[in-house]
Amino acid sequence: MRWICKDEIEECLDQAWRESAAAAKAELIDAADLDARKELLGRRTSSSVWRRFYELLPDRYKKKCWYCEANEIRSDRPVDHFRPKNKVEEECEHDGYWWLAYDWDNYRCACTLCNSRRNFEETSGGKACRFPLSNPDRRAFSPDDGDKLLEECPNFLDPFELRDEKLLWFDNDGKPMPTPDITDAQALKVKNSIDIFHLHESRISRERNLIRLEVERQIRIIKGGGDTRNAESVLSRMVRDTEKLSRAAIVYLSPYRSLPEVKDILQLD
């Protein structure tokens, strides 16, 4: 996972989208009851709001899933409602954060395996309607709970949170794990995220392992005095935030930070 700048997302949204989202939200707020809200959320015109949101995004934000950084590995990237709109798995009495269904800052671009529940022989995962909090007593239940909404602390990683990407690490088999030496609370956020976003699924773990092998191959070229300029170019591209599995590339490049070339690539002081 890499950090996504909210300001850049907001800048790409045009007035027509804002007006359609505002109108849809107003209608939802005015709905008579839960059944009426569900009917509105199920309309084709409703899904067109978040579909149009995705279309307005710059291409660099549509190249990969914001959670797992996969693209063609786990294709089909719908718009995920970060706070679920229909129900909350951790709170059986919760009707979902339905009032946020048309708020752009509740959207994240997610591949199918991150967004939908999947069970394989060796792993299971997928976000679906999960939204665990580290302070569940402050969970918002309605549009009137604005103060509580601001106080909610999601107990899993969020691409909009600048520091969250640095909490995620990978072992030498490409399996996800908490970054060494972080707090227990931060480690729990990572462990929850591994399950919620199915980050331990075998195919994407193998792809991360291939990233490790490529990083090590380029490092051998640099250490051996070969075509270092090309090796530096390859590694610089791999760690760009728009590239597939770039967080893994950073993790696997980090042990070589003492090399001047790597120090420059990672932009270390």
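Here the residue numbering is sequential within each chain, running from 1 through the sequence in written order. For this predicted model, a pLDDT threshold of at least 70 governs which residues receive local features, and a threshold of 80 or more governs which side-chain atom pairs are given and counted, while totals over whole chains, interfaces and linings are taken from all residues. Hydrogens and waters are ignored; side-chain quantities use all the structure's heavy atoms.

Caption draft 1: Region of interest: the packing of helix H8 (residues 202-224) against helix H9 (residues 228-238). Axis lines are fitted to C-alpha atoms, over the contacting stretch for helices. Their N-to-C directions set the angle, which ranges from 0 to 180 degrees. To qualify as a helix, a DSSP run of H or I must reach at least 4 residues; to qualify as a strand, a run of E must reach at least 2; elements of each kind are numbered from the N terminus. Contact geometry of H8 with H9 gives a least axis separation of 8 Å together with a crossing angle of 150°. By the angle between their directions, the pair H8 and H9 is classed as roughly antiparallel. Once H8 is placed against H9, the crossing between them reads as left-handed. Each of Ile 211, Glu 214, Val 215, Gln 218, Ile 219, Ile 221 and Ile 222 in H8 lies in contact with H9, whose residues at this interface are Thr 228, Ala 231, Glu 232, Val 234, Leu 235 and Met 238. Classification convention: Asp, Glu, Lys, Arg as charged; Ala, Val, Leu, Ile, Met, Phe, Trp, Tyr, Cys, Pro as nonpolar; all other residues, Gly among them, as polar. Looking at the contact of H8 with H9, its residues break down into nine nonpolar, two polar and two charged. Under this scheme an angle from 65 to 115 degrees is roughly perpendicular, one under 35 degrees roughly parallel, and one over 145 degrees roughly antiparallel; angles in between are oblique. Handedness of each helix crossing follows the sense of rotation of the near helix against the far helix: counterclockwise by less than a right angle gives left-handed, clockwise gives right-handed. Here a residue-residue contact requires only that any non-hydrogen atoms of the pair lie within 4.5 Å.

Caption draft 2: Quick peek at the nonpolar core. In these notes, a set of buried Ala, Val, Leu, Ile, Met, Phe, Trp, Tyr and Cys residues joined through side-chain atoms within 4.5 Å is what counts as a nonpolar core. Three labels apply to residues, based on accessible area from a 1.4 Å probe with only protein chains included: buried if under 20% of the type maximum, exposed if over 50%, partly exposed otherwise in between. In this structure, Ile 9, Trp 17, Phe 53, Tyr 102, Tyr 107, Ile 219 and Leu 253 are the most contacted members of the largest nonpolar core, which totals 76 residues. It is helix H10 (residues 246-253) that contributes the most residues to this core, six residues altogether. When near neighbours in sequence (up to four residues on either side) are disregarded, Trp 17 contacts Val 49, Arg 52, Phe 53, Leu 56, Tyr 102, Trp 104 and Tyr 107.

Caption draft 3: Main features of the environment of Glu 216. Relative to the assigned elements, Glu 216 resides in helix H8. Residues Glu 216 and Arg 229, 13 residues apart in the sequence, show an inter-C-alpha distance of 16 Å.

Caption draft 4: Geometry of the side chain of Arg 130. One can find Arg 130 in the loop between strand E4 (124-125) and helix H6 (146-151). The class for Arg 130 is buried, based on a relative accessible area of 14%. Within polar-contact distance, the side chain of Arg 130 engages the side chain of Asp 195 at 2.4 Å. Discounting chain neighbours no more than four positions away, the residues touching Arg 130 are Pro 84, Glu 89, Glu 90, Arg 117, Asp 195 and Ile 196. Pairing of N or O atoms within 3.5 Å defines a polar contact, subject to two protein rules: one partner must be a possible hydrogen donor and the other a possible acceptor, and residues neighboring in sequence count only if both atoms are side-chain atoms.

Caption draft 5: Here's a closer look at H10. Across the eight residues of H10, eight count as buried, placing the element largely inside the fold. All of the buried residues in H10 are Ser 246, Arg 247, Ala 248, Ala 249, Ile 250, Val 251, Tyr 252 and Leu 253. Structurally, H10 contributes buried residues whose contacts are with strand E5 (168-170), H8, H9 and helix H11 (260-265).

Caption draft 6: Spotlight on the packing of H8 against H10. For the pair H8 and H10, the least separation of the axes is 9 Å and the interaxial angle reads 45°. By the criterion of interaxial angle, the relationship of H8 to H10 is oblique. For the pair H8 and H10, the sense of crossing is right-handed. Residue-level inspection shows Arg 208, Ile 211, Arg 212, Val 215 and Ile 219 of H8 in contact with H10, the latter providing Ala 248, Ala 249, Tyr 252 and Leu 253.

Caption draft 7: How the structure looks around the packing of aromatic side chains. Between rings of Phe, Tyr and Trp, where Trp is taken as its six-membered ring, a pair exists when centres lie within 6.5 Å; planes separated by under 30 degrees are stacked, by over 60 edge-to-face, and by other angles tilted. Here the structure, examined in full by the defined rule, presents 14 aromatic pairs. Arranged with centres 5.5 Å apart and planes meeting at 50°, the rings of Tyr 97 and Trp 99 form a pair that is tilted. The same class applies to Tyr 97 as to Trp 99, namely buried. With 5.8 Å between their ring centres and 85° between their planes, Trp 98 and Trp 99 make a pair best called edge-to-face. Ring-over charges, as used throughout, are those where CZ of Arg or NZ of Lys falls within 6 Å of the ring centre and within 35 degrees of the ring normal. Lying over the aromatic face of Trp 98, Arg 37 brings its terminal NZ or CZ to 4.1 Å of the ring centre. Arg 108 extends its terminal NZ or CZ atom over the ring of Phe 82, reaching a point 4.2 Å from the ring centre.

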